[in-house]
Amino acid sequence: MLIQKLMLFSSLFSHLPAARWCLGIAVVSFAAVVSVYKYIDMADMAVFSSLETMYLILTDTMNTVFIYLPLYLFIVSGIMFDNGYGEIGILRFKSRTEWLSVKAAAYVLNTVVFFGIMLLINYVVSSQVFSFSDVWSGDFIGFCVMSGQPASDFAQPPVPTIISACASVFMLYILCGFVNMLVSLVSGRESVGLFVSLALGIAFGVADMVIIPDGFMARLNCCAALLLASAAICAVSGRAVKKKNFAGKKMY
């Protein structure tokens, strides 16, 4: 039993595509530098702290939907095809369900790592230019209120506010990852999974920008809806994997 668990654990971490991650880190770093320079140019109007700048970067739809999301999906889109997509890969596990569970866990693991790296890089780059403060400044709150956000969103200190603001984005990435998993499983093609999951993510990002209101409760409801949708995608994937013909013959 212990050996089996160790094998599953090692299999999970083998789904971290090193080459794609190297490119991903480079792109995230470049995007962080470009975003920080945008707020340097605003310094004559208002000077923000490093955490405030980080918040603005990570809540910018252009960054989260049109830069980070495609990059994230590029990294995870090969998970279904790593270390055995088909008969040989499944035979390493007790069942198809166990095989799919490891794949799903790998998507979650890559999402957590991606967000950890994204947060770290943006903080490091922002802190090189702006000073640290653990409270919101009046200039920052005034800027956000003029942009349409309620002042009540900043009742908590910067760190928990940044985490809560990123929660809906994290859940969106999880949903897109599971859609990628399902479409890749059904179609057997990485490119199809990447295209469909990216189209869904961009559509939701645009809808979020145009339709879904700002505010803590709106983000909380959005997270709940994305969580339910992700669970539904996993359930559909579980049914699909039992019917999938991987190698031209029936498998049990």
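Residues numbered from 1 in each chain as written. Predicted model: local features only at pLDDT ≥ 70, side-chain atom pairs only at ≥ 80, totals over all residues. Heavy atoms only, no water.

1. Considerations on the overall build of the chain
When its secondary structure is counted, the chain shows 10 helices and 0 strands. In the chain, the succession of helices and strands from N to C terminus is α-α-α-α-α-α-α-α-α-α. Going through the 252 residues of the chain one by one, you find that 44% of them count as buried. In the chain, once contacts between residues fewer than 6 apart in sequence are set aside, the share between residues at least 24 apart is 82%. For the chain, the accessible area works out to roughly 12,500 Å², and carbon and sulfur atoms hold 71% of it. (Helix = DSSP H or I, 4+ residues; strand = E, 2+ residues; numbered from the N terminus. Buried < 20%, exposed > 50% of the residue type's maximum accessible area, 1.4 Å probe, protein only. Contact = heavy atoms within 4.5 Å. Areas by Shrake-Rupley, 256 points an atom, 1.4 Å probe, with all protein chains shown as cover.)

2. Quick notes on the packing of aromatic side chains
Inspection of the entire model under this criterion finds 15 aromatic pairs. Measuring from centroid to centroid gives 5.7 Å for Phe48 and Phe140, while their planes differ by 85 degrees, and the two rings are edge-to-face. Within this pair, whereas Phe48 is found in the loop between helix H2 (18-40) and helix H3 (50-58), its partner Phe140 is found in helix H7 (residues 138-146), the two being separated by 92 residues in sequence. We classify Phe140 as buried; its relative accessible area is 0%. Look at Phe140 and Phe154: their rings are 5.4 Å apart centre to centre, the planes differ by 80 degrees, and that puts the pair in the edge-to-face class. Remark: Phe154 occurs in the loop between H7 and helix H8 (158-187) and Phe140 occurs in helix H7; sequence separation between them is 14 residues. By the burial criterion, Phe140 is buried, and Phe154 matches it. The rings of Trp21, Tyr72, Phe114, Phe115, Phe170 and Tyr173 are connected pair by pair, giving a single aromatic cluster. We note Arg20 situated over the ring of Phe74; from NZ or CZ to the ring centre the distance is 5.0 Å. (Phe/Tyr/Trp six-rings, centres within 6.5 Å; stacked < 30°, edge-to-face > 60°. Lys NZ or Arg CZ within 6 Å of the ring centre and 35° of its normal.)

3. Some remarks on a nonpolar patch on the surface
Together, Met62, Phe66, Val206 and Met209 make up a nonpolar patch on the protein surface, roughly 370 Å² of accessible area in all. Elements with a contribution of two residues or more to the nonpolar patch: helix H4 (61-76) and helix H9 (190-210). Mapped onto the elements, Val206 comes out in helix H9. Residue classification places Val206 among the partly exposed residues on the basis of a relative accessible area of 33%. (Patch = residues over 30% accessible without salt bridge, like charges linked within 9 Å, V, L, I, M, F, W, Y side chains within 5 Å. Salt bridge = Lys/Arg side-chain N within 4 Å of Asp/Glu carboxyl O.)

These values are about where atoms sit, not about what they do.
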